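Structural features, examined
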Amino acid sequence: MLQQLSRSQWQEYEQEGYLRLGRCLTDDELAAAQQRMDDIMLGTASIDYSRTFMQLDRIPGKTNKPGPGGRGHKGATLRYRKIQDLEFDPLFLRYMQKPLFRHICAHVYGADTSIACMRAMFMNKPAGEGTHLVWHQDRWTNFDRDPLITIWTALDPATIANGCVYIAPRRHHTLINPSHASGFMTDDQAQALVAEIEPMPLELDAGEAALLHNYLPHSSGVNRTPIARRAFSVCFMDAATVDSQHHAYSVIFGEGALDPAQL
Ligand SMILES: O=C(O)CCC(=O)C(=O)O
């Protein structure tokens, strides 16, 4: 497994706006992460559900919008779309604190910069289901500085058939809809983008990860297979980042970092 990126890998990342990191979870870690996510969805995990944001997938045949979301468990089902606050789960925190990710954060933000987690989330396309996610950039207007990187890890094979993420390589230098609060493009902007570029399916094996620049335009579709498309996505940012509501974000690397043994 990679421990550090080479100069040529950094050059590739800077040019393309993304980089495949290869396998980042061992077989045992992958099996444990898959099991933990299923346990969390089924309500049998020993986590504090009252602090965990959970959102159901869309109601099939009824709507194209995600189902209800908010803090707390929403029922025992594998049909969740998004689950956040996973930095408070020791299994996921240990993964987030791997040396490779520390190295990546130090390169991007500076070796002396403490790093916080803007979000650590499970993104799921349930078997035969899923909610279409339209083209966007991971950029929010409520921060005093932009979070720059996301590490997206496949917990199942991510394929075209099961709703993998599509990206627009090399389009990470400019914001397409800078006034949108959370980086979403208008329909016209998204249509113009896909007319100009060949959207690239980011197919990954289970346990593989990709480093994504937060400005890299991306979208994802639905799952047409009987196997879920589970993934874990972490956005790392400078821990000095402040949002308009002075929300506290957990430190992952540096002074005051969360410790999996204390959770
Ligand atoms: O997993 C997906 O389908 C989309 C993920 C995404 O938008 C993100 O990680 O920022």
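Placed above this text is the structure.
Now for a quick tour of the structure. Computed from a prediction, not measured in an experiment: that's the story for all the values here.

The subject of this paragraph is the overall build of the chain. The helix and strand tally for the chain stands at five helices and 13 strands. C-alpha atoms of the chain, sized along the principal axes, occupy 50 × 45 × 40 Å. Of the contacts made within the chain by residues no fewer than 6 positions apart, 83% connect residues no fewer than 24 positions apart. Surface accessibility of the chain: about 12,100 Å² in total, with carbon and sulfur atoms responsible for 50%. Within the chain, the 30 negative side-chain charges are centred at a point lying 5 Å from the centre of the 25 positive side-chain charges.

Surrounding the ligand, one finds 13 residues, the nearest of these being Asp138, Trp152, Ser220, Arg229 and Ser233. Separating an oxygen atom of the ligand from a side-chain N or O atom of aspartate 138 is a distance of 2.6 Å. Within the side chain of tryptophan 152, one N or O atom sits 3.0 Å away from an oxygen atom of the ligand. For the ligand, whose free accessible area comes to 290 Å², the fraction covered by protein is 98%. The set of elements that each furnish at least two residues to the shell around the ligand consists of β5 (115-125), β6 (133-136), β11 (218-220) and β12 (229-238). Looking at the shell around the ligand residue by residue, the classes come out as five nonpolar, four polar and four charged.

On to the packing of aromatic side chains. The tally for this structure, following the rule as stated, stands at seven aromatic pairs. Between tyrosine 95 and phenylalanine 232 the ring centres are 6.1 Å apart and the planes differ by 50 degrees, which places this aromatic pair in the tilted class. Pair noted here: tyrosine 95 is in helix α3 (residues 90-96) and phenylalanine 232 is in strand β12, with a separation of 137 residues, a long-range link. Note on accessibility: tyrosine 95 and phenylalanine 232 belong to one class, buried.

The next point concerns unusual backbone geometry. The backbone of aspartate 85 shows a phi angle near 65 degrees, a positive value even though the residue is not glycine. Relative to the helices and strands, aspartate 85 resides in the loop between β4 (80-83) and α3. Positive phi values are uncommon outside glycine, yet arginine 170 reaches one of about 70 degrees.

The rules we used
Residues numbered from 1 in each chain as written. Predicted model: local features only at pLDDT ≥ 70, side-chain atom pairs only at ≥ 80, totals over all residues. Heavy atoms only, no water. Helix = DSSP H or I, 4+ residues; strand = E, 2+ residues; numbered from the N terminus. Contact = heavy atoms within 4.5 Å. Areas by Shrake-Rupley, 256 points an atom, 1.4 Å probe, with all protein chains shown as cover. Lys, Arg positive; Asp, Glu negative; His and termini not counted. Charge placed at Lys NZ, Arg CZ, Asp CG, Glu CD. Near = heavy atom within 4 Å. Polar contact = N/O pair within 3.5 Å; in protein donor to acceptor, adjacent residues only side chain to side chain. Nonpolar A, V, L, I, M, F, W, Y, C, P; charged D, E, K, R; others polar. Phe/Tyr/Trp six-rings, centres within 6.5 Å; stacked < 30°, edge-to-face > 60°. Buried < 20%, exposed > 50% of the residue type's maximum accessible area, 1.4 Å probe, protein only.

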